[in-house]
Every structure is written in structure tokens, then in C-alpha cells.
Amino acid sequence: MALNDSTTNDQALLDAQRELWHHTFGYMKSMALKAALDLRIADAIHHHGGAATLPQIATRVALEPSKVPCLQRLMRVLTVTGVFTVLGHQPADDNGDGDEHVAAYGLTPASRLLVGSPSVSPFLALMLDTSFVSPFFGLGTWLQQGKLPPDQSLFEMAHGKKPWDLATRDPAFGSLFNEGMAADSGFIMDIVVRECADVFRGVGSLVDVAGGLGGAAQAISKAFPDVKCSVLDLPHIVADAPAGTDVKYIAGDMFQSIRAGNAIFLKWVLHDWGDAECVKILKNCRKAIPPREEGGKVIILDMVVGAGPPDLKHRETQVLFDLFIMFVNGIERNEQGWKKIIFDAGFSDYKIIPVLGVRSIIEVYP
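Computed from a predicted model, the values in this text were never measured in an experiment.

Enquirer: Give a detailed account of the overall build of the chain, specifying residues and quantitative values.
Expert: In terms of helices and strands, the chain carries 18 helices and ten strands. Looking at the chain residue by residue over its 366 residues, the buried ones come to 42%. Taken as a whole, the chain presents about 19500 Å² of accessible surface, with 55% of it coming from carbon and sulfur.

In C-alpha cells form, the structure reads like this:
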């Protein structure tokens, strides 16, 4: 073997090892982000006008002094991965480490979403909570099934109940769950009513199915006052609905029937269910709306895997979230998957509008 062949082979082995290490330690990116959320580092930087030194951050988050070097290593990960940025250097203040100048950390477009309003922090906190992360340690076991019931989800294998049941029985988790969902609604619906305004124009009445406490419906009602908005959800959820809004709350079960409206809205609902359940829900939606020529339609806000920009981060985020939602036996569908359940439910046509990042709006017509 020639020397250069040996060198090439060794380099290939080292590249392969690096690839595996990159995957193996990829979870540290999530844990670093979780630490940033727990410590409210973005708030600390924001408090200092968008540029804060390490000592300023450490003081603001009440860090144990001996852990400041560790915070620096954490910030290095968070800057390399794009959560924060290094703005340069500025004179050290009274809390400085003795150096004449120290690095100043700033917010990126990503970390700006962690402060102010809308903030996605509660949603990320939910996604990174132990209750959501720990089931994936058993993913291999769950895939083999063994003695587990065939329809038992990965989450149920770990916790003995579905996440919405756990949210009902565990007040702390329930609060985390509700705040996370509300934060996501607040963020995405602000964009929906701007980017997808044509979807709601001309709609006389809209029923937000499984709409929880009505964050999405309230956003639609505020942006389009002519649309009479209602929320349909289970009785124990409707019992906690806020008062004094223009949104009407209806206790019911989407698997049984859905209140009539010109449009039915399904935000992040169908990805929780298999095809058979989705077809049943969509059939009930079809019964609840008028014909297409009278403006009847179903508006779905969900992910369409493969829709949107072709860049790697976009595609990777979609397939990673699909693997994540599998922990409740859910699925993120590609266009063919959506087409199947839409047509199986008796609808005649649909239109995908991929303007919501990794998610899309799907208009479905009877």
C-alpha cells in the first residue's frame, strides 16, 4: 500500500469517527439551550442593552462565582451553535476578571425569540423537559415492542399515561404543558394572520377544533373581527376557558361531532393521530361545513414534510420533529400522506401554503 493511500484511509476513518461523535454529542446542544433557558441568559443580555460581558451575565443570573469559567464554556457552545453571538470586546467593569477587555455577548435572531413578546421560551422549556426527553432513552426497546401492547406509545411506556392525561393529573406538568402550547400559538398565529390573511377573509364563522384555551381563535378573532370564532374542546378544558373574549367555547368531542361553521380550523391536531383517527376527524369536519361554492373549507396548520425551502437545516428539523412526535404515536406527513387522509375523508381538493417555516397551512375543500 502506498503511503498516501494509508493516509487517505486514516483520514476517512477519522472523518467517520468525527461524524459519529457529532451525532453522539449532538444532545449537548439541546442541554446547553436548556441551561440558557433555566438561567435566563437571553434576559440577562437583553437587560444590559443587548450586549453583556461574562461577569455581567454571571451577576445577573446569580451564578456561583466558582462556576464562571464553566459559564464561559457554556457560552462558547451557545455562540458556536448560533444561539448567541460574540460582539467583540469592551472594557471590564467592576465585576471583571482582571483583563483589560472582556468579550461581549449579544443576541441573535434566534435568541431574540427567547425574550420579550412573543417569546418561544415556554414551548422550548416543554420540549426539553425531562418528561418529554426521557422516553427516548427507551426508543429501541419500544421499537422491538416485546411484551408491550402494540398501540402503547413511547410516552406511555415511560410514564404510564398519555401527555394530556399527565397534564391533567400533574399540576406542575400541566402548567408547563399549557404555557408551552400557548406560547407556540402566540408566536405562530401572529405570523399566520399576516402571511395567510387571504385564508380567513370572507369566512363568516370558524370553529377551532381541539383549540384548548383559545389562543389561536382569539388571534383570528382579533385580526378578523367579522369572523365569528368558536373553540371546540373536551369539557374539562372548556371549563378553564377565559372569560370576557369574543370567542365562544363549546364542550364536545371531535371524534363524535363538530359544531357547524363556514370553516374548521385544526392547529397541530392531526399530527397527534394515525390515519384512521384523522380520517374520522376530517369526516366530521366535512359534515360541519357547507359546500365549497358556499365557502366551506377546513384550514389545517401542521407540518408537510418536504414542503418549504430545500436547505438541510429545514429538512432535518422536519424529520427530527417527525421522530419526536412518534413518542405519542403521532406522525408528520409528507404531501402524499396528507393527500391520502384528505381524499379518504371524502374531500375533493386541497392547497398547501408553505409560508410558516417548517410548518404549512393546508386548505382542504369539500
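Enquirer: Could you give me a rundown of the layout of surface pockets, with the residues and numbers involved?
Expert: Quantified by volume, the largest pocket comes out at close to 2500 Å³. Lining the largest pocket are 44 residues, and of these Ser 30, Leu 33, Leu 124, Thr 317 and Leu 320 sit closest to its centre. Of all the secondary-structure elements, those providing two or more residues to the lining of the largest pocket are α1 (3-24), α2 (27-39), α6 (109-112), α7 (121-127), α8 (130-133), α12 (171-195) and α17 (312-325). At nine residues, the largest contribution of residues to the lining of the largest pocket is made by α17. Along the lines of polarity and charge, the residues of the lining of the largest pocket split into 28 nonpolar, eleven polar and five charged. Elements that contribute at least two residues to the lining of the second largest pocket include exactly α7, α11 (163-169), α12, β4 (205-209), α14 (215-223), β5 (228-233), α15 (235-238) and α17. Counting residues per element, the lining of the second largest pocket draws most heavily on α12, which supplies eight residues.

Enquirer: An account of the sheet that holds β4 is needed here, citing residue identities and associated values.
Expert: Taken in spatial order, the seven strands line up as β6-β5-β4-β7-β8-β10-β9 in an open sheet, and their pairing is mixed. Each edge of the sheet is formed by a strand with only one pairing partner; in this case those strands are β6 (248-251) and β9 (349-356). Taken over all neighbouring pairs, the strand axes of this sheet differ in orientation by 20° on average, direction set aside. Looking at chain direction, β9 and strand β10 (residues 359-365) are connected through six bridges and run antiparallel. By the bridge assignment, Lys 351 is partnered in β10 with Glu 363. Across the sheet, α14 touches β4, β5, β6 and β7 (263-267), and the angle it forms with β5 is around 175°. Its contacts with the sheet put helix α16 (residues 275-288) on β7 and β8 (297-302), and the angle it makes with β7 is roughly 155°.

Enquirer: Account for the environment of Ile 188, naming residues and giving values.
Expert: Assignment of secondary structure puts Ile 188 in helix α12. For Ile 188 and Val 120, which are 68 residues apart along the polypeptide, the C-alpha to C-alpha distance reads 9.7 Å. Ignoring anything within four residues of it in the chain, the contact list for Ile 188 reads Lys 267, Leu 301, Leu 356 and Arg 359.

Enquirer: I'd like a rundown of unusual backbone geometry, residues and numbers included.
Expert: A positive phi angle, near 55°, is found at Ala 62, a position not held by glycine. In this fold, Ala 62 is placed in the loop between α4 (54-60) and α5 (68-80). Its relative accessible area of 65% is what places Ala 62 among the exposed residues. Phi at Ala 210 takes a positive value of approximately 55°, unusual for a residue other than glycine. Within the secondary structure layout, Ala 210 lies in the loop between β4 and α14. The exposure class of Ala 210 is partly exposed, given its relative accessible area of 32%.

Enquirer: Lay out the nonpolar core with the relevant residues and their values.
Expert: Residues Ile 258, Ile 264, Leu 266, Val 298 and Ile 300 are the most contacted members of the largest nonpolar core, which totals 30 residues. At the level of elements, β4, β7, α16, β8, α18 (335-344) and β10 are the ones that each hand at least two residues to this core. Top element by residues in this core is α16. It accounts for six residues. If sequence neighbours within four positions are ignored, Ile 300 has contacts with Leu 266, Leu 270, Leu 282, Trp 338, Ser 360, Ile 361, Ile 362 and Val 364.

Enquirer: I'd like to hear about the pattern of salt bridges, residue by residue, with values.
Expert: Should their charged atoms come close, side chains of opposite charge can pair. Scanning the model with the defined rule gives eleven salt bridges in all. In this structure, Arg 292 engages Asp 349 in a salt bridge whose closest nitrogen and oxygen atoms are separated by 3.6 Å. In this pair, Arg 292 sits in the loop between α16 and β8 while Asp 349 sits in strand β9, placing the two residues 57 residues apart along the sequence. One network of salt bridges, in which partners are shared, links Asp 184, Lys 267 and Arg 359.

Enquirer: Go over α12 with me, naming the residues and quoting the values.
Expert: Look at α12: 36 Å from first C-alpha to last across 25 residues, which is about the 36 Å you get at 1.5 Å a residue. Within the sequence span of α12, burial applies to Phe 173, Gly 174, Phe 177, Gly 180, Ala 183, Asp 184, Ser 185, Ile 188, Met 189, Val 192 and Val 193. One side-chain oxygen of the residue at the start of α12 lies 3.1 Å from the amide nitrogen of Ala 172, identifying that residue as Asp 170.

Enquirer: Can you break down a nonpolar patch on the surface residue by residue, with the values?
Expert: Among the surface-exposed residues, Leu 20, Trp 21, Phe 25, Tyr 27, Met 28 and Met 31 lie close enough to one another that they form a single nonpolar patch of about 650 Å² accessible area. Going through the elements one at a time, α1 and α2 are the ones with two or more residues in the nonpolar patch. Broken down by element, the residue count for the nonpolar patch peaks at three residues, all from α2. Relative to the assigned elements, Tyr 27 resides in helix α2. Residue classification places Tyr 27 among the partly exposed positions, given a relative accessible area of 48%.

Definitions and cut-offs
- Residues numbered from 1 in each chain as written.
- Predicted model: local features only at pLDDT ≥ 70, side-chain atom pairs only at ≥ 80, totals over all residues.
- Heavy atoms only, no water.
- Helix = DSSP H or I, 4+ residues; strand = E, 2+ residues; numbered from the N terminus.
- Buried < 20%, exposed > 50% of the residue type's maximum accessible area, 1.4 Å probe, protein only.
- Areas by Shrake-Rupley, 256 points an atom, 1.4 Å probe, with all protein chains shown as cover.
- 1 Å grid on protein atoms, 1.4 Å probe; cavity = no way out; pocket = protein on both sides within 12 Å on 5 of 7 lines; lining within 4 Å.
- Points joined across faces, edges and corners; volume = space filled by probe spheres on them.
- Nonpolar A, V, L, I, M, F, W, Y, C, P; charged D, E, K, R; others polar.
- Pairing = 2+ DSSP bridges.
- Axes fitted to C-alpha atoms, helices over the stretch in contact; angles between N-to-C directions.
- Contact = heavy atoms within 4.5 Å.
- Core = buried A, V, L, I, M, F, W, Y, C linked by side-chain atoms within 4.5 Å.
- Salt bridge = Lys/Arg side-chain N within 4 Å of Asp/Glu carboxyl O.
- Expected span 1.5 Å × (residues − 1).
- Polar contact = N/O pair within 3.5 Å; in protein donor to acceptor, adjacent residues only side chain to side chain.
- Patch = residues over 30% accessible without salt bridge, like charges linked within 9 Å, V, L, I, M, F, W, Y side chains within 5 Å.

Shape is all these values report; function is a separate question.
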